[in-house]
Amino acid sequence: MIIFRYDKTWEGLLTAVFDAYSRRQFPDMLLGTEEPGPMFADESHTIVTDPERAARVWAGLCRRAGRRVRNMLLHVWLSEEQEADALIVRCIKKIFDVRGSVAGDFSDPDMLTAHKTAMAVAREAQFVRMFARLQKTTAGSYFAPVAPKYNALPLAVEYFRDRFADQRWLVYDTRRRYGYYYDLETVTEVTLDDDSHLIEGALGEDIIAADERAFQQAWRGYHKALSIKERTNPRLQRQHMPYRFWKYLTEMK
């Protein structure tokens, strides 16, 4: 068994592909630098992330595969599924080694798995766009906590920047403890020192704006008045709105 260890970054993974071709030896297992390995292994190689080598692999992918295929691989990476990195390496190897287009060949089990995984991540990104709720703070900026199943927030940032271009906002992933802040000009990735109070999906009473609190109360009243109790169907609601997003919806509180 051949093991490659890398820093669990996208550039590190592309560097691993470069090293695999240089060594003419592809890994049977990919591990983080500190992850415990199996008891017996024939060889272990530690990848030193090199942006230049990673760029060369990506340039090769740009020549051999279209944008749709490259996006599919990026979506698989964002899935954070177990052995997603190994799946990406196998797909890249097939794209480079097989003559003709193999990326759209869903008879290939790796390509089919990658496609299904990418679709699931894209669907989660759409849920983030649909169900994230910006709440106005006392500082005048807006805040929206989310906790998607996959690391889909980077795929949704462009939507927030276009949709709320005239507002300062922060969309924060409480599960992965990072987010993106927009200052009316640029979007910056940020982390918070203490985000434990954001788990419930609502701002604290000390930082929520008074007009925001009033608006939420009015919206809940409107929703209650409009709803027909006898036609409430939680099972159908869960099909269209995953339960994990309900805590972010004002009308569901």
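The shown structure was predicted, so the numbers you read here are calculated from the model rather than taken from an experiment.

Quick notes on the rules
- Residues numbered from 1 in each chain as written.
- Predicted model: local features only at pLDDT ≥ 70, side-chain atom pairs only at ≥ 80, totals over all residues.
- Heavy atoms only, no water.
- Pairing = 2+ DSSP bridges.
- Helix = DSSP H or I, 4+ residues; strand = E, 2+ residues; numbered from the N terminus.
- Contact = heavy atoms within 4.5 Å.
- Axes fitted to C-alpha atoms, helices over the stretch in contact; angles between N-to-C directions.

Undergrad: Would you take a moment to explain the sheet that holds strand 5 (residues 142–146) for this structure?
TA: The strands that make up a sheet pair up through hydrogen bonds in the backbone, lying either parallel or antiparallel. With mixed pairing, the five strands of this open sheet are ordered in space as 4-5-6-7-8. Edge positions in the sheet fall to strand 4 (135–136) and strand 8 (187–190), since each of these pairs with one other strand and no more. As paired strands, strand 5 and strand 6 (residues 169–173) are joined by five bridges and run parallel to one another. Looking at strand 6, one finds that alanine 144 is bridged to valine 171. Contacting strand 6, strand 7 (178–182) and strand 8, helix 6 (residues 153–163) runs over the sheet at an angle of about 15 degrees to strand 7.

Undergrad: I'm lost on the environment of isoleucine 88 in this one. Help?
TA: Along the polypeptide, isoleucine 88 turns up in helix 4 (residues 84–97). Considered as a pair, isoleucine 88 and valine 76 are twelve residues apart in the sequence and their alpha carbons are 7.3 Å apart. Sequence-distant contacts of isoleucine 88, defined by excluding residues within four places in its chain, comprise Trp10, Leu13, Leu73, Val76 and Trp77.

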